[in-house]
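Listed here are the chains, written in short residue letters.
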Amino acid sequence: MTNDAPVFAPALSPKEGSEAATALFREVFEAEPDGVWYAPGRVNVIGEHTDYNGGLALPIALPHRAHLALRRREDRVVRLVSPQTREKVDVMDLDTIGPKGTPGEVEHWASYIAGVAWSLERDGFENLPGFDAALVSCVPLGGGLSSSAALECSAAVAIDEVAHLGLAGTAQEPDDTGRARLVTSCVRTENEMAGAPTGGMDQSASLRCREGHALELDCRDGSVTHVPFDLAAEGLALLVIDTKAKHSLDDGQYGARRAACERAAEILGVELLADIAIEDLPGALERLSGADDADELVKRTRHVVTEIDRTRRLVSLLQDGRPLRGEKLAEAGRLMDASHESLRVDYECTCPELDVAVEAARAAGAHGARMTGGGFGGSAIALVDADAVHAVAAAVADAYRREGFNPPAFLDAVPAAPAGRLV
Ligand code: GLA
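Because the structure is a prediction, the values reported are computed rather than measured.

Side note on the overall build of the protein
Of regular secondary structure, the protein possesses eleven helices and 13 strands. Relative to the 2.2 N^0.38 estimate, which gives 22 Å for 423 residues, the radius of gyration of the protein is 21 Å and therefore close to what a compact globule would have. Taken along its principal axes, the extent of the C-alpha atoms in the protein is 60 × 55 × 45 Å. Residues counted as buried form 59% of the 423 residues belonging to the protein.

Examining helix α9 (residues 326-345)
In a regular helix each residue adds 1.5 Å, so 20 residues correspond to 28 Å; α9 covers 29 Å between its end C-alpha atoms and thus fits that length. For α9, the complete set of buried residues consists of K328, L329, A332, G333, L335, M336, S339, H340, S342 and L343. Against β9 (236-242), α8 (294-318), α10 (352-363), β10 (368-372) and β11 (379-385) lie the buried residues of α9.

Overview of the packing of aromatic side chains
Evaluation of the coordinates by the stated rule reveals four aromatic pairs. With a centroid separation of 5.5 Å and 65° between ring planes, the pair formed by Y52 and Y254 is classed as edge-to-face. Placement of Y52 in the loop between β1 (35-44) and β2 (56-57) and of Y254 in helix α6 (residues 253-268) is noted, with a sequence separation of 202 residues between them. For the pair Y52 and Y254, one class covers both residues: buried. The ring of Y38 has R65 lying over it, and the distance from NZ or CZ to the ring centre is 3.8 Å. Over the ring of Y347 we find R300; its NZ or CZ atom is 6.0 Å from the centre of that ring.

Observations regarding the nonpolar core
One finds V43, L58, L80, F131, I159, L238 and L314 to be the most contacted residues of the largest nonpolar core, which totals 74 residues. A per-element tally of this core places helix α3 (residues 147-162) first, with nine residues. Each of domain 1 (7-229) and domain 2 (234-413) contributes no fewer than three residues to this core. Sequence-distant contacts of L314, defined by excluding residues within four places in its chain, comprise V45, I46, L58, A332 and L335. Residues C261, V356, A366 and V396 belong to the second largest nonpolar core, which totals 51 residues.

Each value, and the rule that gives it
Residues numbered from 1 in each chain as written. Predicted model: local features only at pLDDT ≥ 70, side-chain atom pairs only at ≥ 80, totals over all residues. Heavy atoms only, no water. Helix = DSSP H or I, 4+ residues; strand = E, 2+ residues; numbered from the N terminus. Rg over C-alpha atoms; globule rule 2.2 N^0.38 Å. Buried < 20%, exposed > 50% of the residue type's maximum accessible area, 1.4 Å probe, protein only. Expected span 1.5 Å × (residues − 1). Contact = heavy atoms within 4.5 Å. Phe/Tyr/Trp six-rings, centres within 6.5 Å; stacked < 30°, edge-to-face > 60°. Lys NZ or Arg CZ within 6 Å of the ring centre and 35° of its normal. Core = buried A, V, L, I, M, F, W, Y, C linked by side-chain atoms within 4.5 Å. Domains from an automatic or database assignment.

Just geometry here; none of it tells us what the structure is for.
Right, dumping it as C-alpha cells:
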C-alpha cells in the first residue's frame, strides 16, 4: 500500500463554471455574453456498443460539464476561445465550413461547436446567426466520458435559444421531443464534422437525462424511460476510473466494430442486430458460422445481443421497487461484470488498463465493475458501497503502480441534470 491519496477530478460548480466562462468571454471579446449554457459528460451504466445496433443503453449525466458563454452575432462569423487557446481565437464562417475531409474542414474542438450550427442548417434550420463563444469544460478530455458530446450539446442549447429555435425547453422543464431533434444534429456533427462514426447514446444522455435517474434509451426509435438511480440513498456510489489510456473514436477500431455488426445484420437478413431476440441467438450464430469472417461476426453479434438482454434485465431490476441490496445488488453487479467480460472477449474493445481497473476494483470489494463508453482506453466504472469509494480507488491506483501504468484519475458519478442554461 502507499500513502499517496488517489486523485479525484472535481466538477466545477455551476457558479464556478459560469464565472470562468464569462470571465474568459469578457477578456477575449471585450463584451458581455448573452448567457452561459452547459452540457454534461456521461457514463453508461450498461448497454455498450448497442446504440448503433438499435439496442438499449442506460447512461447517466455527470456533474462534470462543458460551460459555454455565448453571444449572438448579426453576421455568419463564429469566433471561439477556450483557456488553452486564448492566444489564438478560432475564427470561421458558417458559409464556408464543411465536413471533415473537405476544404471547409474545421480543426479540433471547434468542429464540435461550430459544427452544430452547420448540422442544424442541414437539418432544416436555415440561415442561423454567427456567434462568439468562450468554452470552459471540466469533462476530462479523451477519457471516454463524452467530452465531445458535452461540447456539441452545450452549443446546441445555446444556439437553440439565441436563434429562437424553440426546441430545448429548460433543464428544469425540458422539451424532450425538441431535444431529440437537437440530438440528431449533434450526432451529425460528430459523424460528419468530426469524422467519428458514433451512435447517439452520448448526445442523448447529455440532452435527455434527468437528475437522480439513469436514462433507458431505446436506440431503435429514440424513446426513453427515466429509471430511478439514486445510489447515494442506497448507501452506494458509482466510482469512475479514468484509465488515462489513450482513447480515440476515429482511428478505425470503432468503425471496424460497427461495420462488422452491419455485415452480420445483412447476412442474418435483419435491419439491425437488435432485431435478433436473445432466444434466437444460437440459430443466428449458427447462420453466421458459414461467413468468411465467421469468427469476428459471431463474437460481435453475441456481444450485442447478450448486452441488450443484460441491459433489459438491469433496468427491470432497478424498476422493481425493492432496495438495491442483498441478492438484488449482487445480481446488478453480476450483470455489470458479465458486460465487461463480453466486451473483453467478444467485442475485443478493452485494454490492459481497463481490465486491471475492473479486476482491482472487484478484488477491493466492488459489487460489479465494467468499462464504459467506446473502450480501447477511456474509463471504467465500479459499483461500490459509499464508504468504500476511497479504499477501492486506492486499490486501483496501487494496481496501476504495480503494472507500471500511468496513475488513473477518479470521479464520483452522481446522476446529474441535462444540458441547459445557467445564467
Ligand atoms: C462511444 C460512442 C457511443 C457508443 C459507445 C459505446 O461512446 O460515442 O455512440 O457507441 O461508444 O457504447
